[in-house]
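Take a look at the letters that make up each chain.
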Amino acid sequence: GAKSQGRGTYRFFEPDMDVQLQARRVLELDLRKALANGEFEPFYQPQVNIASSEISGFEALLRWRHPERGLIPPGEFIPIAEDTGLIAPLGEWVLAKACKDAMTWPGNLKVAVNLSPVQFRNKGLVTSVVNALSASGLAPDRRELEITESVLLQDNDATLTILHELRGLGVRIALDDFGTGYSSLSYLRSFPFDKIKIDQSFVRELSTRADCLAIVQSITRLGESLGMSTTAEGVETEDQFVQLRAAGCTEVQGYYFGFPKPLKELVFSLAPRQLSAEVA
Ligand code: C2E
Ligand code: MG
Ligand code: MG
Ligand code: MG
């Protein structure tokens, strides 16, 4: 409440705040309509296996095609969907859509879908994953779910039960944004993740900061000894790719290999330039 915010009490009476709250209400109503009207669309970004130099799959990254405002990134509407409970139907919709889309891809390409920590508080999560899978006919091992460390912070027993149930379906589980937030190595002990995704903040400064390289090397070694693959996120340059490959990462993802794109614009092979990066 206002009192617990101390000096922030004043914020309640700022006209600004009123405008903000109102804007949020409008956005919330818009979100409900958007889901009903089919305005959401997953974009897909390639994940590249370093050893084979091939695309192993795509991560689904949700966008909102707003009729007036254009393309809205998830950072602007996922938090509102989480606050309003709309994340449950929205999350189930994305799962189903991504599985259906992946059925149109060649070979055994995987699809990775992000789960919100809020979805884990919802009893229906496992059922909605089962529903999405069976509706699409996609093989379970072509489906990967990405969760962040914050999921493991909340009610740990319940979360672990859900994770084991999901794993029981044959679905792969990746730990997203590793190394940020309330990161703790004990999370890696609490559940046998298939994949660790190294947060892009470490990749960004790889060339300029020795500590970032040391952290990336440690995570890849850790992953290797725990039998988990490691994907570096946010790879934008050839130099970063060369360093990540030398550090022993198993997979890379980032603008250097491909931007998130609509389904219709996907390409399923990489430009030779991206693969020929020589070790300096
Ligand atoms: P994330 O899962 O960690 O996704 C990676 C983000 O980094 C994406 O942002 C992606 O577009 C961006 N990215 C990829 N390559 C590069 C690069 O080379 N450089 C830079 N600077 N950025 C890069 P995006 O699409 O805005 O998504 C942000 C976050 O929103 C995601 O982070 C994920 O946590 C969340 N999100 C996206 N789609 C969904 C969804 O369907 N459900 C839920 N619950 N969350 C989602
Ligand atoms: Mg992700
Ligand atoms: Mg991430
Ligand atoms: Mg993230």
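Computed from a prediction, not measured in an experiment: that's the story for all the values here.

Here is what the cut-offs are and how they apply
- Residues numbered from 1 in each chain as written.
- Chains lettered and ligands numbered in written order.
- Predicted model: local features only at pLDDT ≥ 70, side-chain atom pairs only at ≥ 80, totals over all residues.
- Heavy atoms only, no water.
- Core = buried A, V, L, I, M, F, W, Y, C linked by side-chain atoms within 4.5 Å.
- Buried < 20%, exposed > 50% of the residue type's maximum accessible area, 1.4 Å probe, protein only.
- Contact = heavy atoms within 4.5 Å.
- Helix = DSSP H or I, 4+ residues; strand = E, 2+ residues; numbered from the N terminus.
- Lys, Arg positive; Asp, Glu negative; His and termini not counted.
- Salt bridge = Lys/Arg side-chain N within 4 Å of Asp/Glu carboxyl O.
- Pairing = 2+ DSSP bridges.

Draft legend 1. Summary view of the nonpolar core. Counting residues in each nonpolar core, the largest one holds 72 residues, and the members touching the most others are Phe120, Ile147, Val235, Leu244 and Val252. Apart from the residues within four sequence positions on either side, leucine 244 is in contact with Val203, Leu206, Val216, Ala232, Val235, Cys249 and Val252.

Draft legend 2. Quick peek at the side chain of glutamate 39. Relative to the assigned elements, glutamate 39 resides in the loop between helix H1 (15–37) and strand S1 (40–49). Here glutamate 39 sits buried without a salt bridge, and the closest side chain of opposite charge, lysine 33, lies 7.8 Å off (N-O distance). Contacts of glutamate 39, omitting those with residues within four sequence positions, involve Ala34, Arg63, Trp64, Arg65, His66 and Pro67.

Draft legend 3. Up close: the environment of isoleucine 72. The residue isoleucine 72 is located in strand S3 (residues 70–72) in this model. A relative accessible area of 3% places isoleucine 72 in the buried class. Along the sequence, isoleucine 72 and phenylalanine 40 sit 32 residues apart, while their C-alpha atoms lie 9.5 Å from each other. If sequence neighbours within four positions are ignored, isoleucine 72 has contacts with Arg63, Trp64, His66 and Phe77.

Draft legend 4. Geometry of unusual backbone geometry. Unlike most non-glycine residues, serine 53 shows phi in positive territory, near 55°. Structurally, serine 53 is set in the loop between S1 and strand S2 (54–66). Of note, the phi angle at aspartate 177 is positive, near 55°, even though the residue is not glycine. Counting through the fold element by element, aspartate 177 comes out in strand S6 (residues 172–178).

Draft legend 5. Examining the pairing of S2 more closely. Here S2 lies mainly inside the structure; eleven of its 13 residues are buried. Looking at chain direction, S1 and S2 are connected through ten bridges and run antiparallel. Directly across from tyrosine 44, in S2, lies its bridge partner alanine 60. Looking at chain direction, S2 and strand S4 (residues 110–114) are connected through four bridges and run parallel. Considered in S4, the bridge of glutamate 59 is made with alanine 112. With three bridges connecting them, S2 and S3 associate as antiparallel partners. Bridging from a neighbouring strand, histidine 66 pairs with glycine 70 of S3.

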